[in-house]
There are 2 protein chains.
Amino acid sequence: MKFVYLFSEGNGTMRELLGGKGANLAEMVNLGLPVPQGFTVTTEACTKYYDDGELISQSIQSEIMSNIAKLEEIAGSKFGDQEKPLLVSVRSGARASMPGMMDTILNLGLNDTVTEALAKKSGNPRWAYDCYRRFIQMYSDVVMEVGKKFFEELIDEMKEKKGITEDTDLTADDLKELSAQFKAEYKSKVGADFPADPKEQLMGAIKAVFRSWNNPRANYYRMMHDIPYSWGTAVNVQMMVFGNLNNNSGTGVAFSRDPATGAKELMGEFLINAQGEDVVAGIRTPRPISELAEEMPECYDEFVRTCGVLEGHYKDMQDMEFTIQDRKLYMLQTRNGKRTASAALRIACDLIDEGMKTEEQAVSMIDPKQLDALLHPQFDTAALKAAKSIGKGLAASPGAACGKVYFTAEDAVKASLAGESVILVRMETSPEDIEGMNHAQGILTVRGGMTSHAAVVARGMGTCCVSGCGDIAMNEAAKQFTLGGKTYKEGDFVSLDGSTGLIYGEAIATVPASIGGDFDRIMKLADKFRTLKVRTNADTPHDAGQAIKFGAEGIGLTRTEHMFFEPDRIGPMREMILASDTAERKKALAKLLPMQVGDFSGIFKAMGDRPVTIRLLDPPLHEFLPQKESDIIALSKEMGVTADALKTRISSLHEFNPMMGHRGCRLAVSYPEIAEMQARAIIQAAIDVKKETGVDVVPEIMIPLVGEVKEMGFVKNIIKETADNLIKESGSQLKYLIGTMIEIPRAALTADAIAKEAEFFSFGTNDLTQMTFGFSRDDAGAFLDDYYGNKIYESDPFARLDQTGVGQLVKTAVALGKKSRPDIKLGICGEHGGDPSSVEFCHNVGLAYVSCSPFRVPIARLAAAQAAIKSK
Amino acid sequence: MKFVYLFSEGNGTMRELLGGKGANLAEMVNLGLPVPQGFTVTTEACTKYYDDGELISQSIQSEIMSNIAKLEEIAGSKFGDQEKPLLVSVRSGARASMPGMMDTILNLGLNDTVTEALAKKSGNPRWAYDCYRRFIQMYSDVVMEVGKKFFEELIDEMKEKKGITEDTDLTADDLKELSAQFKAEYKSKVGADFPADPKEQLMGAIKAVFRSWNNPRANYYRMMHDIPYSWGTAVNVQMMVFGNLNNNSGTGVAFSRDPATGAKELMGEFLINAQGEDVVAGIRTPRPISELAEEMPECYDEFVRTCGVLEGHYKDMQDMEFTIQDRKLYMLQTRNGKRTASAALRIACDLIDEGMKTEEQAVSMIDPKQLDALLHPQFDTAALKAAKSIGKGLAASPGAACGKVYFTAEDAVKASLAGESVILVRMETSPEDIEGMNHAQGILTVRGGMTSHAAVVARGMGTCCVSGCGDIAMNEAAKQFTLGGKTYKEGDFVSLDGSTGLIYGEAIATVPASIGGDFDRIMKLADKFRTLKVRTNADTPHDAGQAIKFGAEGIGLTRTEHMFFEPDRIGPMREMILASDTAERKKALAKLLPMQVGDFSGIFKAMGDRPVTIRLLDPPLHEFLPQKESDIIALSKEMGVTADALKTRISSLHEFNPMMGHRGCRLAVSYPEIAEMQARAIIQAAIDVKKETGVDVVPEIMIPLVGEVKEMGFVKNIIKETADNLIKESGSQLKYLIGTMIEIPRAALTADAIAKEAEFFSFGTNDLTQMTFGFSRDDAGAFLDDYYGNKIYESDPFARLDQTGVGQLVKTAVALGKKSRPDIKLGICGEHGGDPSSVEFCHNVGLAYVSCSPFRVPIARLAAAQAAIKSK
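Right, let's walk through the structure included here.

Here is what the cut-offs are and how they apply
Residues numbered from 1 in each chain as written. Chains lettered and ligands numbered in written order. Predicted model: local features only at pLDDT ≥ 70, side-chain atom pairs only at ≥ 80, totals over all residues. Heavy atoms only, no water. Pairing = 2+ DSSP bridges. Helix = DSSP H or I, 4+ residues; strand = E, 2+ residues; numbered from the N terminus. Axes fitted to C-alpha atoms, helices over the stretch in contact; angles between N-to-C directions. Contact = heavy atoms within 4.5 Å. Parallel < 35°, antiparallel > 145°, perpendicular 65-115°, else oblique. Left-handed = near helix turned anticlockwise from the far one by under 90°. Nonpolar A, V, L, I, M, F, W, Y, C, P; charged D, E, K, R; others polar. Phe/Tyr/Trp six-rings, centres within 6.5 Å; stacked < 30°, edge-to-face > 60°. Buried < 20%, exposed > 50% of the residue type's maximum accessible area, 1.4 Å probe, protein only. Lys NZ or Arg CZ within 6 Å of the ring centre and 35° of its normal. Expected span 1.5 Å × (residues − 1). Right-handed = clockwise from strand over helix to strand, strands pointing away. Buried area = accessible area lost by both parts, 1.4 Å probe. Salt bridge = Lys/Arg side-chain N within 4 Å of Asp/Glu carboxyl O. Polar contact = N/O pair within 3.5 Å; in protein donor to acceptor, adjacent residues only side chain to side chain. Least-squares fit on C-alpha atoms with pLDDT ≥ 70 in both. Arc of directions from axis to C-beta.

1. Section: the pairing of strand β10 (residues 328–336) of chain B
Residues and elements named next belong to chain B. The pairing of strand β9 (residues 318–325) with β10 spans 8 bridges and is antiparallel. Its bridge partner lying in β10, Glu321 is registered against Gln333. Hairpin connection between β9 and β10: a loop of 2 residues separates the two successive antiparallel strands, and Asp326 in this loop has a positive phi of roughly 50 degrees.

2. Quick notes on the sheet that holds strand β4 (residues 104–108) of chain B
Residue and element names in this part refer to chain B. Spatially, 5 strands are ordered β1-β2-β5-β3-β4 in an open sheet, and the strand pairing comes out antiparallel. Here the strands that pair on one side only, and so sit at the sheet edges, are β1 (4–6) and β4. On average, each strand axis in the sheet is inclined to that of its neighbour by 20 degrees, with strand direction left out of account. Bridging between strand β3 (residues 88–94) and β4 involves 3 bridges; their strand directions are antiparallel. Across the sheet, Arg91 pairs through a bridge with Thr104, a residue of β4. Here helix α1 (residues 15–30) sits on the sheet and contacts β1, β2 (38–41), β3 and β5 (233–239); the angle it forms with β3, its principal contact strand, is near 125 degrees.

3. Looking at the packing of helix α24 (residues 629–639) of chain A against helix α25 (residues 643–652) of chain A
All names here are of chain A. Taken N-terminus to C-terminus, the directions of α24 and α25 make an angle of 110 degrees; their axes are 9 Å apart at the nearest point. As the angle between them shows, α24 and α25 are arranged roughly perpendicular. For α24 against α25, the interelement crossing comes out right-handed. Where α24 approaches α25, its residues Glu629, Ile632, Ile633, Leu635, Ser636 and Met639 are matched on the opposing element by Ala643, Leu646, Lys647 and Ile650. Across the contact of α24 with α25, the residue classes break down as 7 nonpolar, 1 polar and 2 charged.

4. Some points on the packing of aromatic side chains
Following the criterion strictly, the structure yields 48 aromatic pairs over all chains and no others. For the pair Phe775 of chain B and Phe798 of chain B, a centre-to-centre distance of 5.9 Å together with 70 degrees between the ring planes defines the contact as edge-to-face. Here Phe775 of chain B, found in the loop between α31 (765–773) and α32 (781–789), pairs with Phe798 of chain B, found in the loop between α32 and α33 (806–820); they are 23 residues apart in sequence, far enough to count as distant. Phe798 of chain B shares its class with Phe775 of chain B; the two are buried. By the ring-pair criterion, three or more aromatic residues cluster together here, those being Phe773, Phe775, Phe783, Tyr787, Tyr793 and Phe798 of chain A. We note Lys328 of chain B situated over the ring of Tyr330 of chain B; from NZ or CZ to the ring centre the distance is 4.8 Å.

5. Regarding the packing of helix α3 (residues 58–75) of chain B against helix α8 (residues 198–212) of chain B
Residues and elements named next belong to chain B. The contact between α3 and α8 brings their axes to 12 Å, and the two run at 120 degrees. Considered as vectors, α3 and α8 are oriented oblique to each other. Where α3 crosses over α8, the two elements pack in a sense that is right-handed. Mapping the contact onto sequence places Gln61, Ile64, Met65 and Ile68 in α3 and Lys199, Leu202, Met203 and Ile206 in α8.

6. So, helix α3 (residues 58–75) of chain A
Residues and elements named next belong to chain A. The end-to-end C-alpha separation of α3 is 25 Å, in line with the 26 Å expected for 18 residues at 1.5 Å each. All of the buried residues in α3 are Ile60, Gln61, Glu63, Ile64, Asn67, Ile68, Leu71 and Glu72. Once α3 finishes, Gly76 follows within two positions and takes phi at roughly 65 degrees, a positive value.

7. What about the pairing of strand β28 (residues 737–742) of chain B?
Residue and element names in this part refer to chain B. Extensive coverage of β28 is indicated by the burial of 6 of its 6 residues. With 4 bridges connecting them, strand β27 (residues 699–703) and β28 associate as parallel partners. Bridging across to β28, Glu700 finds its partner in Leu737. Read from β27 through helix α28 (residues 709–730) to β28, the crossover connection turns out right-handed. Here β28 pairs with strand β29 (residues 760–763) via 3 bridges, running parallel.

8. What about the interface of chain B and chain A?
In this assembly, 48 residues from chain B lie in contact with 48 residues from chain A. For the pair chain B and chain A, the summed buried surface comes to about 4,400 Å²; carbon and sulfur atoms form 58% of the total. Three residues stand out in chain B for area buried against chain A, namely Phe656, Met660 and Arg746 of chain B, and they jointly supply 16% of the buried area on that side. Inspection of the chain B/chain A interface yields 4 salt bridges. Viewed at the interface, chain A and chain B are joined by 24 residue pairs in polar contact (both at pLDDT 80 or more). Put simply, the parts of the chain that give the side of chain B that touches chain A at least two residues each are α26 (665–670), α28, α29 (745–749), α31, α32 and α33 of chain B. In terms of residue class, the side of chain B that touches chain A is made up of 19 nonpolar, 15 polar and 14 charged.

9. Here we look at the relation of the copies chain B and chain A
Rotating chain B by 180 degrees and translating it 0.1 Å along the rotation axis places it on chain A, where the RMSD comes to 0.2 Å. Accordingly, the operation relating the two chain copies is best matched by a two-fold axis. Closest approach to the rotation axis within chain B is made by the C-alpha atom of Asn657 of chain B, at a distance of 2.2 Å. Interface residue correspondence from chain B to chain A reaches 100%, placing this contact among same-surface, isologous pairings.

10. Examining helix α20 (residues 517–529) of chain B
Residues and elements named next belong to chain B. Its 13 residues give α20 an end-to-end C-alpha distance of 19 Å, which sits within 8% of 18 Å, the value for a rise of 1.5 Å per residue. Taken residue by residue, α20 has Phe519, Ile522, Met523, Leu525, Ala526 and Phe529 as its buried positions. For α20, the arc enclosing every buried residue in end-on projection is 160 degrees, short of the 170-degree limit, so these residues lie on one face. When the buried face of α20 is taken as reference, the exposed residues oriented beyond 90 degrees from it are Gly517, Lys524 and Lys528. Those residues of α20 that are buried are in contact with α13 (341–353), α14 (359–364), α15 (372–375) and α35 (857–871).

11. Digging into the sheet that holds strand β20 (residues 486–489) of chain A
Residue and element names in this part refer to chain A. Taken together, 3 strands build an open sheet; the order of strands is β18-β19-β20 and the sheet is antiparallel. Both outer strands of the open sheet, β18 (473–475) and β20, are each paired with one neighbouring strand and no more. Pairs of neighbouring strands in the sheet enclose a mean axial angle of 20 degrees, with direction left out of account. One ladder, built from 4 bridges, connects strand β19 (residues 480–483) with β20; its direction is antiparallel.

Take a look at the structure:
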């Protein structure tokens with residue numbers, strides 16, 4: 001097995017093995033571009049390093065050294081040689097770009113004698129010692145974890161002593177002195193001499209890069225971007241070229257197009273007489289790339305030419321690093337550049353127009369998740385730079401928000417009506433908080449995961465939400481919370497970033513969402529290519545309307561329970577729940593019927609001829625009952641019973657595990673009259689709207705939480721009888737479908753039987769995930785961090801569908817369902833319907849549609865198009 | 001399709017189609033025994049009746065009538081004929097025997113004119129009118145649901161008027177008068193005349209039998225005995241013979257052996273001049289069958305001969321009905337007789353000795369569930385007859401108990417130490433109640449299912465338990481409860497039947513458990529035939545010893561958490577849970593370590609060289625913390641923190657769905673030091689015991705709640721490192737296994753991956769059932785009755801393994817597990833391990849062992865033998 005490749009042995013298709021940087025360096029070599037020679041230690045060597053207990057095996061070590069020998073031969077120089085010493089850089093390079101997440105070491109190969117020889121031979125002792133002190137500093141930091149700050153302090157002391165302010169004013173002697181100080185510092189911290197042997201240096205550096213794959217920054221970045229830990233990183237060892245050699249040298253970075261706007265113009269920065277890190281370190285202020293044209297016109301021209309070659313070759317905007325040594329240009333890196341959402345859209349459109357990309361390719365090059373940024377307010381970039389976060393929760397609903405904190409829905413509504421921007425802070429939200437959530441700019445909760453009530457509802461509303469910030473010490477009674485060592489009282493400003501989960505203890509200006517023409521163009525293209533329909537989860541005509549604007553083609557899930565929390569509903573709802581017999585229950589249901597008819601009419605009207613799936617009542621009934629003493633007393637008076645009697649009744653409805661309790665279709669089995677009322681309301685509304693608008697409404701009635709076909713049959717019969725009688729009485733014609741959620745493992749396992757009764761399946765992957773994994777979404781927050789920390793899970797299974805376990809059940813159910821009913825309608829209405837990788841899964845297993853919250857509809861459309869293109 | 005069979009067209013193998021009674025009648029006809037002619041309407045006709053919306057189709061009606069025509073031809077009589085009227089009985093007969101669960105009608109074909117003609121022709125008007133009034137009464141009751149009591153009142157009035165006490169003293173005229181009164185009663189209740197047309201009578205009666213398949217008694221009986229609703233019942237229409245014709249006639253029932261003891265002697269009763277129902281109705285006292293020898297010796301001899309023929313033919317004890325008409329014997333029914341547990345054992349042994357059954361056949365003829373009755377105290381039969389139950393819960397742990405009610409574990413212990421018999425009554429039990437449960441004769445809970453804490457622990461102890469009696473209105477504060485309209489205070493007597501779930505508001509005498517030689521013989525035979533090993537679930541040396549006595553071959557599940565509730569443990573346990581960092585937690589764990597070593601040593605010693613599987617800590621930590629205000633204050637003082645701080649900490653551990661929360665191996669992922677302590681304790685104990693006793697202990701360490709292979713790997717590494725170091729340090733040799741529970745759907749679905757890390761799988765079918773069905777065992781009680789009522793489920797999936805859904809996951813996991821690790825050890829430790837049908841499933845899918853509570857070990861041994869014999 002080969003673990004080391006010279007650049008000239010590789011090419012651009014070998015990303016998996018060589019990492020992105022290594023593959024692109026090889027490709028640039030193949031393109032004949034000026035790249036200093038080097039080699040790549042493969043990602044497989046990294047995996048082996050971890051498998052071998054964090055050791056580089058002897059055989060890999062000799063493979064590395066034999067490639068060093070090849071470099072020595074090419075360069076005519078030698079490791080540790082005093083005449084012509086070989087110096088190299090050692091840099092990480094993973095399969096996916098992880099900018100700045102891992103580590104780099106420059107000038108490796110220097111030691112006291114080599115540096116002194118170099119100083120003499122080059123006649124540039126300042127450069128030689130500058131390289132040496134940089135190397136000691138980087139090596140100490142990266143390999144030995146001796147912080148940079150110790151060395152920077154020494155530099156500062158030196159500058160103070162000399163009465164100068166700029167690093168560039170340090171003389172050769174100063175730098176020589178500093179090198180000695182650095183080595184002493186190393187020895188005092190590490191307890192050993194700084195290694196003088198270049199081979200030892202090299203192995204230490206490679207090991208450090210491997211190790212950096214597992215540092216907290218890298219782990220966090222990977223989780224954010226769904227990069228598997230198992231990929232590992234490659235290591236690139238490259239002959240040094242020196243931007244800090246003299247004033248005919250320099251270094252810079254550039255984008256072939258503007259990464260902020262996408263405009264087709266070279267953007268970048270450079271420094272004369274500097275090494276790479278200086279450009280980003282902020283000690284010296286880099287100059288705009290355009291000035292390089294004046295400074296070194298021939299280098300600038302060659303760079304512009306090279307940019308053209310690379311864009312033409314990669315057919316995408318490039319992010320490049322270069323170094324100029326004695327007026328000769330060297331390319332050190334190229335990669336497809338990171339860009340903002342609007343730049344991504346503009347570049348994609350431009351590349352079509354420029355004939356560089358086909359429409360399919362252009363649609364495929366945009367990360368669907370990025371669209372979020374266009375649909376929600378964002379922090380003002382400058383304002384954000386100055387801010388420091390005080391804590392972090394889950395990035396539950398994207399966008400940025402800033403406002404004063406309020407601790408109850410009531411207070412939030414009042415403050416909002418008084419014209420204030422509001423952040424609603426709650427332990428967790430419940431359906432009773434809806435109005436307050438609706439009035440808030442942002443929502444912050446202490447408990448609850450990505451599919452908690454707060455998260456789901458906020459996403460539905462398009463409101464920023466950070467959930468499950470367990471570090472908050474909450475004092476609801478005093479209306480204050482403590483986080484990051486500071487206490488925030490009612491009315492204090494905080495800011496939230498729902499896209500990252502970060503919380504700020506101050507006001508940060510936001511800029512509103514903006515959608516432009518490029519967005520519409522790309523969305524139209526996406527619609528052209530995708531075969532998967534995109535529906536939305538919406539409970540109100542308003543949400544439905546919002547979703548249609550975003551391109552939703554129907555409703556995949558209307559949660560009827562949200563309708564019962566409205567102030568005019570909760571009374572009869574509670575009467576229904578607390579009824580002592582069927583007759584009483586029916587009386588209360590009769591009050592709810594006309595309201596539900598109104599609810600559904602509104603939604604049908606908003607949706608026109610688009611399909612609408614309505615789910616029957618799902619949550620356990622106790623969720624609708626008051627829990628607080630004062631509320632119970634108030635209700636008992638209203639109902640004319642004693643508070644004690646009411647408490648006994650409420651406590652008899654208590655459940656140990658409500659998620660697995662008396663809910664879903666189990667309610668309809670116990671109280672068929674509830675299902676009957678809802679079926680009646682749906683069908684009546686459909687008849688009314690059809691009569692009024694002439695639109696042929698075809699309601700899809702969905703039975704939740706089915707686990708057994710007889711259960712499905714039982715509830716279906718109630719619905720069918722009610723519906724058929726009503727349709728007959730009305731004298732009109734109406735088609736309707738009856739189907740079920742597949743959200744219980746047993747339903748998936750017995751989907752062949754269930755499909756005999758169900759005309760459609762909608763995968764409720766939230767609950768299916770909970771039950772397949774055996775953990776509750778509301779409680780998993782307590783341990784999931786430990787799971788990520790120990791790399792047991794690499795992504796939140798509630799955000800990204802677990803294809804190994806849950807996906808297997810989905811596949812089984814699809815196959816069994818189609819076997820019994822070839823034309824069965826299949827969709828998904830769990831939160832995963834808006835996650836790009838899950839959308840791809842849904843496309844691949846043959847679902848007809850995905851359904852997600854309104855603000856995720858564009859993401860789903862784009863992801864569906866990409867899945868269709870990819871699977872062609 | 002043929003829906004009606006003459007007896008002569010059928011035979012004994014046609015049970016499915018003809019029902020047990022019909023098949024046996026046909027078989028008796030084939031054997032040449034004296035059986036009145038008749039025909040059977042098939043079970044498929046019953047199914048069709050329900051499919052057709054509770055109607056007997058025209059074609060089936062004509063098929064019935066053409067068979068009536070055949071009967072008429074055979075008998076030379078005619079329906080409704082005044083010369084020779086055909087009279088028939090109509091009786092139900094399902095595939096499985098359901099004694100007394102369904103309905104019977106005799107003397108069908110009578111009306112005013114036929115009766116009068118019959119009276120004249122027979123010269124026995126008393127008989128004719130006795131038949132008529134019986135017919136009206138039975139028909140009214142069975143077909144029209146006009147209660148028997150109305151007619152009995154009329155008889156009582158008549159007897160009072162006439163000044164007589166015995167029915168037999170009623171004259172022909174009295175009975176004629178009664179017939180008229182009965183018809184009037186019928187008309188007043190039904191609103192129509194009593195039907196005079198025999199065909200109408202017949203169809204009404206057949207329909208009534210079909211309907212009786214779905215009456216509450218029948219539904220309940222089916223559920224008790226796992227008889228599927230879909231089977232339906234057959235109907236037998238048979239020419240009448242008359243035991244009430246005169247004093248040369250009579251009727252009786254008999255068993256070919258004693259159903260109470262199994263002794264080989266004819267047991268039975270008869271009445272002269274009576275019809276079948278009189279024997280069981282209790283109005284006249286039947287005479288012992290032996291007296292028939294004096295009364296009608298030739299009939300008696302023929303009956304004895306017939307018994308011999310039938311036993312010889314069926315090779316089992318027979319339960320028979322006969323009628324004598326004018327000194328001629330007719331057989332009306334034979335079936336394998338129901339018997340007590342000890343009779344079942346004796347008969348099985350005797351039949352081997354008599355050469356009637358092979359050992360395999362004898363072992364297969366005993367219902368394993370019956371063994372329960374031998375292992376637990378039972379009510380004294382006479383005392384029970386006089387008692388009336390006041391309510392019903394779940395039959396959670398078998399046996400009978402009688403004692404005074406106490407409402408706290410503490411009170412129960414005190415009363416027990418004072419010499420009282422105690423019934424512990426709780427809302428639900430928790431591990432803190434263990435001592436009280438241990439001192440109680442019986443346990444009664446308001447909440448909780450078949451696998452609730454109370455049920456599981458009681459079964460483990462062999463203590464009678466009725467759980468989940470939701471009808472109880474509990475007042476814990478006042479130490480009293482109300483049930484069946486009466487309030488029971490501390491110290492009041494109640495009695496419980498844990499085998500039926502019935503609760504009695506009085507003291508009922510019990511008889512102790514008794515195991516005899518037949519038991520041992522059958523168990524030895526079972527062991528000879530079974531291939532499945534039987535282990536036990538035991539947490540203490542005492543339980544382990546008990547289980548060994550019952551034949552357990554190892555421990556399949558030791559729940560370590562039960563050990564932490566002992567008074568000397570709970571303190572350090574709480575310190576551990578409330579520790580603010582790892583160091584503090586380790587300090588508390590260090591206190592627990594020696595105690596755990598002692599726990600495990602005790603168990604290893606008790607088990608000798610039998611395998612022992614120990615599960616690491618499983619429940620969520622909050623279960624170990626106090627919830628009551630006073631307990632919290634006490635603990636806060638003990639720990640030297642404020643009560644408020646403690647409350648905050650406790651509330652931060654609160655979970656919405658603890659069943660799906662931070663528990664099982666998730667604890668070990670968050671707090672590896674807990675798993676480490678337990679692994680250390682297990683290995684240390686094994687080393688100690690090996691040294692002390694020389695027995696080669698091979699502990700099996702079981703990781704609970706695994707859902708992902710990396711999770712398994714993570715915890716396994718902790719255990720392995722700890723164990724290997726400890727073994728090395730000790731200088732001894734010790735083998736141990738590390739495996740996992742399969743109790744999460746995802747674990748079953750990814751069992752191939754998990755088996756790469758796990759050396760054994762133990763199916764935790766309690767949790768697997770919960771998660772596959774998506775309902776919590778503690779909450780399902782609220783709706784499962786509605787599910788049984790609507791025939792959605794026919795058995796409790798926590799008692800009997802759901803083979804359709806859960807079983808599919810088990811099969812998948814077995815196949816995948818063996819694929820990755822062909823020698824993987826497979827067992828089950830869920831409660832299903834003691835349920836015969838589930839044991840058979842385990843045998844068939846290829847598990848190596850089942851594990852169940854000690855008192856169910858004999859049941860599992862027998863069930864395993866039956867499964868092995870059946871699958872040969």
